[in-house]
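# Summary of the model geometry
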Amino acid sequence: MERVYFDHSATTPVRPEVAEAMHKSLTEVFGNPTSMHYFGKLAREAVEEARTQVAQSIGAQANEIVFTSGGTESDNMAVHGVAMINKNRGNHIITSAVEHHAVLNTVKALGKQGFTITILPVDKYGLVAVEDLASAITDKTILVSLMHANNEMGTIQPIKELAAVAKSKGITFHTDAVQSMGKIPVDVNELGVDLLTISGHKIYAPKGIGALYIRKGVRWRQSLMHGGAQEKLRRAGTENVPGIVALGKACELAVRDLDSEPAYLMGIRDKLIKAVLDSIPNTSLTGHPEKRLPNHASFTFEFIEGESMLLSLDMKGFAASSGSACTSGSLEPSHVLLAMGIPHELAHGSIRITLGRDNKPEDVDKFMAVMPAIVERLRAMSPLNQENEFAMESDCVACRSSDTCYRQA
Amino acid sequence: MYTEKVMDHFENPRNVGEITDANGVGQVGNPTCGDIMKIYLKIEDNIIKDIKFKTFGCGAAIATSSMVTEMAKGKTVEEALQLSNKAVAEALDGLPPKKMHCSNLAADALHAAIKDYQEKQK
Ligand SMILES: Cc1ncc(COP(=O)(O)O)c(C=O)c1O
Ligand code: FES
């Protein structure tokens, strides 16, 4: 069966050029960069070249880049490292309700360790208001962490304006640019951020490699990983040289392609959004209609559940994802969709389609050749009253266990 | 992650729909939780002559609903009341652990429909 991969926000295939660079590092340039001999030196050179590539791709200096095991580690390291070293200055951290769990759960964990936390709300498009940030700041605030673009609904935050507010009060600002990297320009000076997270596997490098940008002079210290003196004491552990080389190459290519790829993907995205909204009734777009990632389309389909849509799509050869509780392993649907005020039952019917270099405009036609029938079949099976409302029962486990259930309000 | 039987019942669910002259109807779950299941029964001479379902939920929810209707059809009311969630899951060659609650719904919906029938007989 012909398969169409529509899940590039989950992960991407490694680009051939990247795989090639990596292969060389696995087999030939295999030394330990810390070693004093020839092999070590070659590996060191490869790591430093990659550091320069990553730095240049985001407008940073090479010595401001630390390699990590991925987006999750970079987020943990950023938030924890700033919090710990600034403890004597203040204990207040600000983030938002739509952050990735790598940030949100790190902040929440600090909330149990003597820090006070503010989780900013978002509007129906998933946007954080600049005024909300300004009024949340206190003289105890030491860190603001807000993501550049959201993985679940694609909305791009006004990071430049948000970071400016933090800067005017002398507060450190971190952004997670895992999803925006390679899709829209990411420049640390243009954005005005102090720390920035990127992850390899969302930009056609492998899984398990990422980087954290730490602006020179920013008060941050490694507080999680103890060990050797690698990365100038900023990240212990023998460098993942093949991963680092791959990330360097992937960043270089991502920026090179910024001229053409986003416009290409946006064309496919807009064709897809229009087709879905026009030809499938009771469907809406989630996230901001314009301020969104060029490769990101996310929807809710009323009366049906996401996992059963994903299964049906998979059987027809399409790979997508959903924020439904049934796919999350908990009884709660996506915290991002709920934070935007989307009711539980609608969040269960969410589908995310994220495009990449391998997609073509025809993929939309192929998708539209199967999706309406899938929706129709599942709707025909649905007990929900499709004329008026969703039923309510008081013995619902999720309603009782959820503090976000809108029906309780 | 699903067994072949689950996928078969998901793809070709048995007994989907409504029974207009049902004499027992049961519904459990809630759309807020992501799962809701409704079962319609036509019981004659204490025997389940016809059974249909409608389900809002994941693949496992749809497959367990389909399976429970197949298992209950032709059974007496007493036999149908003996049908457990576990038996439904087993008949599908098992469910992933985090999907076990979906099978709860199927047997619960059947029992709710039978209860509705019994109430109506009083
Ligand atoms: C916004 C965002 N941040 C962080 C991560 C985590 O990155 P990684 O998978 O490299 O740990 C992801 C990936 O799902 C993401 O989408
Ligand atoms: S119906 Fe939600 S997990 Fe099965």
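Look above for the structure.
What you see is a predicted model; the values in this text were computed from it and never measured.

Calculation rules
Residues numbered from 1 in each chain as written. Chains lettered and ligands numbered in written order. Predicted model: local features only at pLDDT ≥ 70, side-chain atom pairs only at ≥ 80, totals over all residues. Helix = DSSP H or I, 4+ residues; strand = E, 2+ residues; numbered from the N terminus. Rg over C-alpha atoms; globule rule 2.2 N^0.38 Å. Buried ≥ 20, exposed ≤ 12 C-beta atoms within 10 Å, placed from the backbone. Contact = placed C-beta atoms within 7 Å. Pairing = 2+ DSSP bridges. Right-handed = clockwise from strand over helix to strand, strands pointing away. Near = placed C-beta within 6 Å. Nonpolar A, V, L, I, M, F, W, Y, C, P; charged D, E, K, R; others polar.

Looking only at helices and strands, one finds five helices and three strands in chain B. When the elements of chain B are put in sequence order from the N terminus, they spell out α-β-β-β-α-α-α-α. Compactness check: chain B gives a C-alpha radius of gyration of 13 Å against a globular reference of 14 Å for 122 residues, within 12% of the reference. Each of the three principal axes of chain B carries a C-alpha extent, and together these read 45 × 30 × 20 Å.

Secondary structure assignment for chain A yields 16 helices and 12 strands. Along the longest, intermediate and shortest principal axes, the C-alpha atoms of chain A span 70 × 55 × 35 Å. Sorting the 409 residues of chain A into buried and exposed places 53% on the buried side. Considering only residue pairs separated by 6 or more positions, chain A has 72% of its internal contacts joining residues 24 or more positions apart.

Looking at the secondary structure, you find A:P361 in helix α15 (residues 361–381). When residues no more than four places from it in sequence are discounted, the contact partners of A:P361 are A:G267, A:I268 and A:K271.

Residues and elements named next belong to chain A. Where strand β3 (residues 92–96) and strand β4 (residues 116–120) come together, five bridges link them in parallel fashion. Each residue of the ladder has a partner; that of H92, found in β4, is T116. In the classification by handedness, the crossover that spans β3, the intervening helix α4 (residues 101–111) and the parallel β4 is right-handed.

Residues and elements named next belong to chain A. Of all residues adjacent to ligand 1, which total 14 residues, the nearest are G70, G71, T72, N151 and S199. In terms of residue count, helix α3 (residues 71–85) provides more of the shell around ligand 1 than any other element does, three residues in total. Among the residues forming the shell around ligand 1, the class breakdown is three nonpolar, nine polar and two charged.

Residues and elements named next belong to chain B. Among the 10 residues of strand β2 (residues 35–44), eight are classified as buried, and the element is accordingly described as predominantly covered. Where strand β1 (residues 24–30) meets β2, seven bridges bridge the pair, whose relative direction is antiparallel. Counterpart to Q27 in the pairing with β2 is K38.

Right, let's get into helix α11 (residues 306–315) of chain A. Extensive coverage of α11(A) is indicated by the burial of eight of its 10 residues. A:G306, A:E307, A:S308, A:M309, A:L310, A:L311, A:S312 and A:L313 are the residues of α11(A) that are buried.

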